[in-house]
2 protein chains.
Amino acid sequence: MGGMSGASGDGSALARGRPGEGRRPDGATRGLDALFRPRSIAIIGASTDPRKLGGRPLANMLRGGFTGRLYPVNPGAREVQGLPAFASLEAIPEPVDQAVIAVPAAAAPDALEACIRKGVRVAVMFSSGFGELGAEGRAVQQRMAARCRESGMRLLGPNCLGVMNPADGVFCTFSGSLTGNRAWPRAGGIGIATQSGAVGTYCYTLLADRGAGISHYVATGNEADVDVAACIAWLAEDEATRVILTYLEGCRDGPRLREALAACAARGKPVVAMKVGVSEAGAAATISHTGTLAGSDAGYQAAFDEAGVWRARSLEEAADVAVACTAGALPRGRRLGVITVSGGAGALLADEAAARGLEMPEIPEEAQKAILALVPFASPRNPVDATAQTGNDRTLLTRMMAIMMGEPDGPARFDVFIAFLAFVAENADAFATVLPALEALRRQRPETAFILSMRGSPEQRRMLLEKGLFLCEDPTEALRTAAALVHFGTRPPMAPAPAVPATARAPLPDGPLDEAAARRLLAAAGVPFVAERVARSAAEAAEAATALGFPVALKVLSPDLAHKSDVGGVRLGLRDAREVAAAYDAMLREVRAAAPRARIEGALVSPMVQGGVETVLGVHRDPVFGPVVMFGLGGVFVEVFRDVAFRLAPLSREEALAQIDSIRGRALLEGARGRPPVDKGAIADALVALSRFALAHAEEVASVEVNPFIALPGGGLGVDAVILRDG
Amino acid sequence: MGGMSGASGDGSALARGRPGEGRRPDGATRGLDALFRPRSIAIIGASTDPRKLGGRPLANMLRGGFTGRLYPVNPGAREVQGLPAFASLEAIPEPVDQAVIAVPAAAAPDALEACIRKGVRVAVMFSSGFGELGAEGRAVQQRMAARCRESGMRLLGPNCLGVMNPADGVFCTFSGSLTGNRAWPRAGGIGIATQSGAVGTYCYTLLADRGAGISHYVATGNEADVDVAACIAWLAEDEATRVILTYLEGCRDGPRLREALAACAARGKPVVAMKVGVSEAGAAATISHTGTLAGSDAGYQAAFDEAGVWRARSLEEAADVAVACTAGALPRGRRLGVITVSGGAGALLADEAAARGLEMPEIPEEAQKAILALVPFASPRNPVDATAQTGNDRTLLTRMMAIMMGEPDGPARFDVFIAFLAFVAENADAFATVLPALEALRRQRPETAFILSMRGSPEQRRMLLEKGLFLCEDPTEALRTAAALVHFGTRPPMAPAPAVPATARAPLPDGPLDEAAARRLLAAAGVPFVAERVARSAAEAAEAATALGFPVALKVLSPDLAHKSDVGGVRLGLRDAREVAAAYDAMLREVRAAAPRARIEGALVSPMVQGGVETVLGVHRDPVFGPVVMFGLGGVFVEVFRDVAFRLAPLSREEALAQIDSIRGRALLEGARGRPPVDKGAIADALVALSRFALAHAEEVASVEVNPFIALPGGGLGVDAVILRDG
């Protein structure tokens, strides 16, 4: 992996010049080269006991072979773990890129000041007892962050597990994972950016089980300065990093995370994310943990969706997907080929492929005949069941694979290929037969992703991964991984976020916004609404209805009544002028009786919309990401089935269309139950308009809802609208 | 595990008398003692080469130490793998319990006859080339099955991977898994009954990774005689088997599977199932594999649901759940306690607990204070984050656990407890500190299920499992396993299937069944319908409407029109006699114009049902399980969201209520969106009536649908009904 990634210590780091120089010096990644690729490291609080928190980073780097210069700082020792010790940071005769602060919380601010005086580029603060403990700790943390901003020094932490870069031998961490026997991080192509140190180290051990190593590991802890978004942005540019695995609890700066994910998408670098804090209990756990605001999940999901992030449900899923991404090219289509030594596993994989939307094209008849000529009992289509008959002659298996793949110089038949080989790798003879053939096929089809599902040792996994073959023991999980690869390989390029026109930035009118005002504002912003007229009397209502065309609906007009139907304030399907006039009077009588204190200004008259599908368009302001645009089907589908999709504002038309297509009930928009398909473009235009409106009034508007918005075969019409002002 | 299960070779088998004797001699399990616990085994086609298919069973049993007598049959050898060989089965001087038939397909029928002549109790036929190959092979297979029925000998296979019982040293299999280095099946408490041999052996290796062993392994192959249901039924009664793991592609005898699962439920024995063939491609793969009819998934899901089977989505999930079930008592409630060395893992577990419906009660304030007294930075509620501060003194961790658990003689606070300990087991000192405390807590709380999530070697997992501590590396999967344990521990006892009254078994009337006839039949069976009258003229319609009460609906009555609204044959919301008469004439004109060849017999007049929730009740005949009862919400919810639940007929009222509660949209029945909750009991009664009707007319009726059935606050009313006759 190290060889594949091109990250080989000194060379590449030096070639780029001194850390901290070049590359967006004013952006979020400013100075982070010194975090990820330091050439000199001081350890403040370095302990002579390698088991102690302050002794571990030094012990780790001595073991891991740090390629730069190490300066233990310990006023009470002349030597620490065999290296000459310095009484203070100032006593170090040379410049220091990175300083590890491994002292108790009370002494940490002074250590930070010493770092600033010394001109250290980045401080890594292990010390805990700040923002995670409450107001007092938070205040100290904020003062330290302010000092960093003033001085230009960057700060990782406090309360963080540090940073690792195995290729350069950087192990500035006190993680218990390094003291065990099994785990030592190897160099590889996966960058880990995590808010939880322990979860992040757990991940690298899961990667190691799968034969893969890491380019960098960074745990951001309390994020007084450097946050996980900045780390992702840095990794997006890092040559050694081919995939990013991130664990998130929440972030304070949504737009920065959005930008970092966009940078990864722009470079075609897959991002695999675990985001916790979805449930109330989970969010509470993260708040007490690092004091991060978890925010609502909708904003994160929207940010992930727009950038094509794969959201993993478990750490093992995240590890499988990240490792498989490093095994070769990403598939450019959804065609899956499967061969198994067990019909059962084939059926299992076929089920899972159907569930995850992968296609399993049959192989050509000629190829099927050729397979049957080898083993008459085989199932020759796709999945191919080679059967247990191949147990005595494993070349039958590899010959079948070659037949499945087709002519070497012909077009590829599959974008992903999964071989379930059960125990082949546990039998030395069998493996020796199969492996060279697998390697040859892999070389012959560089555009096809290969996944093996079989028993295998960590050593075998590593060897196979280096040959571009990902091993995943469980066939269901192998298929899940294949689906993730297809997701990354087939996602459309991320649409650039559209600019928000300055013209829309007019202030909202003062006072409460009734329905008519809300409709007027949104219509002006580009959301189409059903025609309507205000009537102040029965006669005006009848006249308006005649002009609009029958049948019509009447709704009471009042700034005080949010739920009109509850007080008898809605009349539907009125068929002529006489009915309208009678209904107007009856309705106002009923409403006055039910809500005697409400101001009643008349009624809205509008034509009944025939047919179409009821949808809901909305925007709410997310504390982390700003306006988040919602789309769903009407009422019950949103409230009970939670069948909604979110995107961040501003929203491109392409993203809006993807948003519409991502709901489970999309068939209803496409002509289910014999109805004509509706105009998704019209919905998309309305969502884009809504997103612009919300962004233009971001400071004033808490939420907007157009409910229902009737999607029609040739357009779409909002019927009702509510704008909630901030506060 | 062997010690825990009580399966210790000779003793227990002998204590029960000769295999095949006792215990339901005429049931599906007749003679299966000789399959699972043979005392003498002959191998027909025994090879001197232990690597060959015919040599492997003998080699396996010599290695595994079979405790009974072994008779290799090979006419061309005097000795096979060190044992005296017999020229024929007849030449064996003693009775033979089990004969392995390891000869090519062409020679297999003769070998079977020899077994019958010898009085063998069960034959295990490895040979392939029968039912899975097409009509010719199927005919041979059927003849062999018939010979077994006549003679009383049982047959496993053909085309099967055989049977294992590690406690007794039975390894009648040619599985490649036994020739590898890593895997050798150990004795334990998990019984594997599989239709795919290779998937089944893969499972035992996954169990071994988790420290667990198997009581029995049986692969049923083509199931000419012994099927997987019979094996499950036998394992249900087997003392050594504490959990059953089954892999199913399909079965021919649904009621037998249902009975076997009921036997497991009655004995409180958890069943974990992988069922494939769900998708079309998956089903096609299973058919070409063993020639099994996969059947529709609805019937299987219904059978699993009624018996409380845990349906696993992956083999690793199945293995986790099965192993965890053997670690101790099943939890009797949903209360989860979590401690972690990482706040991140705590948040992850809290999210997953919320998603899976487990509760995480806060621990008492006193206990929280005691935890903070140990580590001031800890999060003391639940999940408890012990923090990395415990890294230097692991007793802090175990003391916190003890505090969480409460007074040893007080009531248990948790039904399941998960500890995420990351790398503790990889550090010898840390593990030596933590392990005794974990053991003590486990002993102190036998009623609480303990799951550890940390890195651990297979040896550590095995050691921990023997102490009642299940180790699952991935925290998400640990939680999934906890949810499965809670499922098994809290499921209500399986309701006995009600008897079907003979009175219902009247034949259906001849000829096509129009809506009125369908309603009449179903109403007589106990499904309530909205009142209705047949009108043959406009005057009769007006009269009927006046008698029923306004508003009413009119529907054209015709045996030829299935979709009445498509031809203008429905009128709704008619408010007085005049409107009804006018609508009758207009409707019949429109229908005659749209469908000039349809026989029109008049119209049905019924009152409009006000309010309520539209549901659909249905029954269809499943080829494997017979009538399957469906429940869902109206139209779109069933067709687009597939929010339906299935149960097998006959159906108890308790099961019907569970069925209703299992749909995703159940909130709509319970008063979502401000509506009053509906009467679920009335729906349940209608489902039970429908299930009885379908069973009473099982030969004549292909499907029944009551659509819509309006569920109301005080009852429920069917509006429309269709009965489809067979063929």
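Each value, and the rule that gives it
- Residues numbered from 1 in each chain as written.
- Chains lettered and ligands numbered in written order.
- Predicted model: local features only at pLDDT ≥ 70, side-chain atom pairs only at ≥ 80, totals over all residues.
- Heavy atoms only, no water.
- UniProt positions renumbered as here; feature names shortened; annotations may be inferred.
- Helix = DSSP H or I, 4+ residues; strand = E, 2+ residues; numbered from the N terminus.
- Buried < 20%, exposed > 50% of the residue type's maximum accessible area, 1.4 Å probe, protein only.
- Contact = heavy atoms within 4.5 Å.
- Areas by Shrake-Rupley, 256 points an atom, 1.4 Å probe, with all protein chains shown as cover.
- Lys, Arg positive; Asp, Glu negative; His and termini not counted.
- Charge placed at Lys NZ, Arg CZ, Asp CG, Glu CD.
- Pairing = 2+ DSSP bridges.
- Axes fitted to C-alpha atoms, helices over the stretch in contact; angles between N-to-C directions.
- Parallel < 35°, antiparallel > 145°, perpendicular 65-115°, else oblique.
- Left-handed = near helix turned anticlockwise from the far one by under 90°.
- Nonpolar A, V, L, I, M, F, W, Y, C, P; charged D, E, K, R; others polar.
- Least-squares fit on C-alpha atoms with pLDDT ≥ 70 in both.
- Salt bridge = Lys/Arg side-chain N within 4 Å of Asp/Glu carboxyl O.
- Phe/Tyr/Trp six-rings, centres within 6.5 Å; stacked < 30°, edge-to-face > 60°.
- Disulfide = S-S within 2.5 Å.
- pLDDT = per-residue confidence, 0-100.
- Domains from an automatic or database assignment.

- Per an unreviewed UniProt entry, the recorded name for chain A is 6-carboxyhexanoate--CoA ligase, and the organism is Caldovatus sediminis.
- UniProt lists a comment for chain A under the heading Sequence similarities (unreviewed entry), and it reads "In the N-terminal section; belongs to the acetate CoA ligase alpha subunit family."

1. A short note on the overall build of chain A
Now for step 1: Summing up its helical and strand segments, chain A has 24 helices and 29 strands in all.
Now for step 2: Each of the three principal axes of chain A carries a C-alpha extent, and together these read 100 × 80 × 40 Å.
Now for step 3: Residue burial in chain A is summarised as follows: out of 727 residues, 60% are buried.
Now for step 4: Within chain A, residue pairs in contact and separated by at least 24 positions form 70% of the contacts whose partners lie at least 6 positions apart.
Now for step 5: Approximately 26,100 Å² of chain A is accessible, and the part contributed by carbon and sulfur atoms is 52%.
Now for step 6: One finds the centroid of the 76 positive side-chain charges in chain A at a distance of 2 Å from the centroid of its 80 negative side-chain charges.

2. Some points on the sheet that holds strand S16 (residues 384-385) of chain B
Residue and element names in this part refer to chain B.
Now for step 1: As summarised here, the arrangement of the 5 strands in space is S16-S15-S17-S18-S19, forming an open sheet in which the pairing is parallel. A single partner strand is all that each edge strand has here, and the edge strands are S16 and strand S19 (469-471).
Now for step 2: Pairing between strand S17 (residues 416-422) and strand S18 (residues 449-454): 6 bridges, direction parallel. Looking across to S18, one finds that Val 416 is bridged to Ala 449.
Now for step 3: Of the strands in this sheet, S18 and S19 touch helix H17 (residues 458-466), which is tilted by about 150° from S19.

3. So, the UniProt feature "domain: ATP-grasp" (unreviewed entry) in chain A
Now for step 1: Mapped onto this numbering, the UniProt entry annotates "domain: ATP-grasp" (unreviewed entry) at residues 519-555 of chain A.
Now for step 2: What you have in residues 519-555 of chain A is 49% helix and 19% strand, and the ends, taken at the C-alpha atoms, are 14 Å apart.

4. A few points about the sheet that holds strand S6 (residues 122-125) of chain B
Residue and element names in this part refer to chain B.
Now for step 1: Taken in spatial order, the 5 strands of this open sheet run S2-S1-S5-S6-S7, and their pairing is parallel. At either margin of the open sheet sits one strand with a lone partner, and together these are strand S2 (69-73) and strand S7 (154-156). Direction aside, neighbouring strands of the sheet carry axes that sit 20° apart on average.
Now for step 2: The pairing of strand S5 (residues 98-101) with S6 spans 4 bridges and is parallel. Residue Gln 98 lies in a different strand from S6, and its bridge partner there is Val 122.
Now for step 3: Contacting strand S1 (40-44), S5, S6 and S7, helix H5 (residues 108-118) runs over the sheet at an angle of about 170° to S5.

5. Concerning the packing of helix H12 (residues 315-325) of chain B against helix H18 (residues 475-490) of chain B
Residue and element names in this part refer to chain B.
Now for step 1: At their nearest, the axes of H12 and H18 sit 9 Å apart, and the two run at 55° to each other. Relative to H18, H12 is oriented oblique. Crossing of H12 over H18 shows right-handed handedness. Contacts from Glu 316, Glu 317, Asp 320, Val 321, Ala 324 and Cys 325 of H12 reach H18 at Glu 477, Arg 480, Thr 481, Ala 484, Leu 485 and Phe 488.
Now for step 2: Classifying every residue of the contact of H12 with H18 by side-chain character gives 6 nonpolar, 1 polar and 5 charged.

6. Regarding the relation of the copies chain A and chain B
Now for step 1: Under the fitted operation, chain A is carried onto chain B by 0.0 Å of movement along the axis and a turn of 180°, and the coordinates agree to an RMSD of 0.1 Å. One copy is carried onto the other by what is essentially a two-fold rotation axis.
Now for step 2: Looking at the interface residues of chain A, 100% of them are also at the interface in chain B, so both copies use one shared face.

7. Some words on the interface of chain A and chain B
Now for step 1: Each partner contributes residues to the interface: chain A has 95 residues there, and chain B has 97 residues.
Now for step 2: Inspection of the region where chain A meets chain B yields 4 salt bridges.
Now for step 3: Between Glu 352 of chain B and Arg 313 of chain A there is a salt bridge, with the nearest N and O atoms lying 2.6 Å from each other.
Now for step 4: Sorting elements by how many residues they give to the side of chain A that touches chain B places helix H13 (residues 343-355) of chain A first, with 11 residues.
Now for step 5: Of the residues belonging to the side of chain A that touches chain B, the class tally is 39 nonpolar, 32 polar and 24 charged.

8. Points about unusual backbone geometry
Most of the time, phi is negative for any residue but glycine, and the peptide bond is trans.
Residues and elements named next belong to chain A.
Now for step 1: The omega torsion across Asn 382 and Pro 383 is 5°, close enough to zero to call that bond cis.
Now for step 2: Along the chain, Pro 383 turns up in the loop between helix H14 (365-374) and strand S16 (384-385).
Now for step 3: In this model, Ala 422 sits at a positive phi of 50°, which is unusual for a non-glycine residue.
Now for step 4: Along the chain, Ala 422 turns up in strand S17 (residues 416-422).

9. Concerning helix H19 (residues 515-525) of chain A
Residues and elements named next belong to chain A.
Now for step 1: Among all positions of H19, only Glu 515, Ala 516, Ala 517, Ala 518, Arg 519 and Leu 522 are buried.
Now for step 2: Contact partners of the buried residues in H19: strand S21 (552-557), strand S23 (602-607), helix H24 (680-696), strand S27 (701-712) and strand S29 (721-725).
Now for step 3: In the stretch just after H19, Gly 526 is the one whose phi turns positive, near 115°.

10. A word on helix H4 (residues 56-64) of chain A
Residues and elements named next belong to chain A.
Now for step 1: Among all positions of H4, only Arg 56, Pro 57, Leu 58, Asn 60 and Met 61 are buried.
Now for step 2: Where the residues of H4 are buried, they touch strand S1 (40-44), strand S2 (69-73), strand S3 (79-80), strand S4 (83-84), strand S5 (98-101) and strand S9 (170-172).
Now for step 3: Gly 65, located one to two residues past H4, shows a positive phi value of around 75°.

11. Thoughts on the packing of aromatic side chains
All names here are of chain B.
Now for step 1: Summed over the entire model, instances satisfying the criterion amount to 18 aromatic pairs over all chains.
Now for step 2: Here Phe 171 and Trp 184 contribute two aromatic rings whose centre-to-centre distance is 4.9 Å and whose plane-to-plane angle is 45°, an arrangement assigned as tilted. Residue Phe 171 is found in strand S9 (residues 170-172), and its partner Trp 184 is found in the loop between S9 and strand S10 (187-194); the two are separated by 13 residues along the sequence.
Now for step 3: What makes Phe 171 buried here is its relative accessible area of 1%.
Now for step 4: Ring centres of Phe 414 and Phe 417 lie 6.0 Å apart, and the angle between their planes is 45°; this geometry places the pair in the tilted category.

12. Digging into the state of the cysteines
Now for step 1: Inspection of the entire model under this criterion finds 0 disulfides over all chains.
Now for step 2: A disulfide-free cysteine, Cys 325 of chain A has its sulfur positioned 12 Å from the sulfur of Cys 264 of chain A, the nearest such atom.
Now for step 3: In this structure Cys 264 of chain B is a free cysteine whose sulfur lies 12 Å from that of Cys 231 of chain B, the closest cysteine sulfur available.
Now for step 4: Of the residues examined, Cys 264 of chain B reaches a relative accessible area of 0% and is grouped as buried.

13. Remarks on the confidence of the model for chain A
Residues and elements named next belong to chain A.
Now for step 1: Per-chain confidence: chain A averages 90 in pLDDT, with 93% of residues scoring 70 or above.
Now for step 2: Note that pLDDT drops below 50 for residues 1-25; the model gives that stretch 57 contacts with residues more than four away or on any other chain.
Now for step 3: The complex model carries a pTM of 0.91, and its ipTM stands at 0.90.

14. So, the domain arrangement of chain A
Now for step 1: Here chain A is partitioned into domain 1 (2-325), domain 2 (336-490), domain 3 (531-607) and domain 4 (613-725).
Now for step 2: For domain 2 of chain A versus domain 3 of chain A, the separation of C-alpha centres amounts to 68 Å.

15. What about the environment of Phe 637 of chain A?
Now for step 1: Mapped onto the fold, Phe 637 of chain A is located in helix H22 (residues 636-639).
Now for step 2: Phe 637 of chain A sits in the buried class, given a relative accessible area of 12%.
Now for step 3: Between the alpha carbons of Phe 637 of chain A and Arg 664 of chain A there is a distance of 9.7 Å; along the sequence they are 27 residues apart.
Now for step 4: Those residues in contact with Phe 637 of chain A that sit more than four places away from it in its chain are Arg 642, Asp 643 and Leu 668 of chain A together with Val 636, Phe 637 and Phe 641 of chain B.

16. Remarks on the pattern of salt bridges
Now for step 1: All chains considered together, the criterion is met by 88 salt bridges over all chains.
Now for step 2: With its nearest N and O atoms 2.6 Å apart, the salt bridge here joins Lys 680 of chain A to Asp 661 of chain A. Of the two residues, Lys 680 of chain A sits in helix H24 while Asp 661 of chain A sits in helix H23 (residues 653-661), which places them 19 residues apart along the sequence.
Now for step 3: Overall, the relative accessible area of 17% leaves Lys 680 of chain A in the buried class.
Now for step 4: When the shortest N-O distance is used, the salt bridge between Asp 253 of chain B and Arg 256 of chain B registers 3.6 Å.
Now for step 5: When its relative accessible area of 29% is taken as the criterion, Arg 256 of chain B is described as partly exposed.
Now for step 6: Each of Asp 209 of chain A together with Glu 426, Arg 455, Arg 461 and Glu 473 of chain B takes part in a single network of salt bridges with overlapping partners.

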